[in-house]
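Listed below are the residues making up each chain.
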Amino acid sequence: MAPKLLALTMTAVNVACLVLTFSRGGWIGLVVSVFVLALLLVQWWNVSWPKFWRIWAVPIAAGTVLGLLVLAVLAVPTLRDRASSIFVGRGDSSNNFRINVWYAVINMIKARPILGIGPGNVAFNQIYPIFQRAGFLPSAPTRLFWRLR
């Protein structure tokens, strides 16, 4: 009973964190894990099923899960906006900040291709200001993230 209670508690805490952070990476990870779990459960249960269902259960389950995902993204405006922000390039502030960091990291690699800048966040936080792009103010959550690092 204790392992089940712990699993239920961990699931509730992780779902709460996912909802409160609204992280795209977290949502993508959740969708992929639910998809894999559904496929594995169907594969596990279909041993005693008739031949037709043993063959077609996994494709039907995969299609159903993907269909539900597409329906959820189309039906819920906040999900639709968050999912579409992945493809707007620099139009989204978090995308813009990430692209600027990536360019700075590419310049760091070009400046020190063999030995790099050193290990860990301390080295990165000391060197990054030298390579960062000027004139860009990240959003408030991003500024808080960099202060906490």
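Please read these numbers as outputs of a predicted model, since none were measured by experiment. (Residues numbered from 1 in each chain as written. Predicted model: local features only at pLDDT ≥ 70, side-chain atom pairs only at ≥ 80, totals over all residues. Heavy atoms only, no water.)

1. Here we look at the packing of aromatic side chains
Taken as a whole and judged by the stated rule, the model has 2 aromatic pairs. Summarising the aromatic geometry, the rings of Phe-52 and Trp-53 are spaced 5.1 Å apart at their centres and angled 85° between planes, so their arrangement reads as edge-to-face. Residue Phe-52 is classed as partly exposed on the basis of its relative accessible area, which comes to 48%. Look at Trp-53 and you get partly exposed, because its relative accessible area is 40%. Arranged with centres 5.3 Å apart and planes meeting at 20°, the rings of Phe-124 and Tyr-128 form a pair that is stacked. On the criterion of helical spacing, the pair formed by Phe-124 and Tyr-128 is a turn pair, its members being 4 residues apart in helix α6 (residues 120-131). Each member of the pair, Phe-124 as well as Tyr-128, carries the same accessibility label: buried. (Phe/Tyr/Trp six-rings, centres within 6.5 Å; stacked < 30°, edge-to-face > 60°. Buried < 20%, exposed > 50% of the residue type's maximum accessible area, 1.4 Å probe, protein only. Helix = DSSP H or I, 4+ residues; strand = E, 2+ residues; numbered from the N terminus.)

2. Quick notes on a nonpolar patch on the surface
On the surface, a cluster of nonpolar side chains totalling about 590 Å² of accessible area is made up of Ile-28, Val-32, Val-36, Leu-40, Ile-86 and Phe-87. Looking at where Leu-40 falls in the secondary structure, it is placed in helix α2 (residues 24-45). Judged by its relative accessible area of 54%, Leu-40 is exposed. (Patch = residues over 30% accessible without salt bridge, like charges linked within 9 Å, V, L, I, M, F, W, Y side chains within 5 Å. Areas by Shrake-Rupley, 256 points an atom, 1.4 Å probe, with all protein chains shown as cover. Salt bridge = Lys/Arg side-chain N within 4 Å of Asp/Glu carboxyl O.)

3. Points about the side chain of Asn-46
Mapped onto the secondary structure, Asn-46 falls in the loop between α2 and α3 (51-75). For Asn-46, a relative accessible area of 4% corresponds to the buried category. Excluding residues that lie within four positions of it along the chain, Asn-46 makes contacts with Trp-53, Arg-54 and Ala-57. (Contact = heavy atoms within 4.5 Å.)

4. Considering helix α1 (residues 2-21)
Given a rise of 1.5 Å per residue, 20 residues ought to cover 28 Å, and the 28 Å separating the end C-alpha atoms of α1 matches this to within 8%. Just downstream of α1, Phe-22 is the residue with a positive phi angle, here 55°. (Expected span 1.5 Å × (residues − 1).)

5. Topic: the nonpolar core
In this structure, Phe-97, Val-101, Ala-104, Met-108, Phe-124 and Tyr-128 together form the largest nonpolar core, which totals 6 residues. For this core, the elements supplying multiple residues, two or more each, are α5 (93-111) and α6. Counting residues per element, this core draws most heavily on α5, at 4 residues. (Core = buried A, V, L, I, M, F, W, Y, C linked by side-chain atoms within 4.5 Å.)

6. As for α3
The α-helix advances 3.6 residues per turn, and as a result positions three or four apart in sequence lie on the same side. Between its first and last C-alpha, α3 extends 36 Å over 25 residues, near the 36 Å set by a 1.5 Å rise per residue. Where α3 bends most, at Ala-57, the angle is about 45°, and the proline Pro-59 comes one to four residues later. When we look at burial in α3, the residues that qualify are Ala-57, Ala-61 and Ala-62. (Bend = angle between axes of the 7 residues up to and from the residue.)

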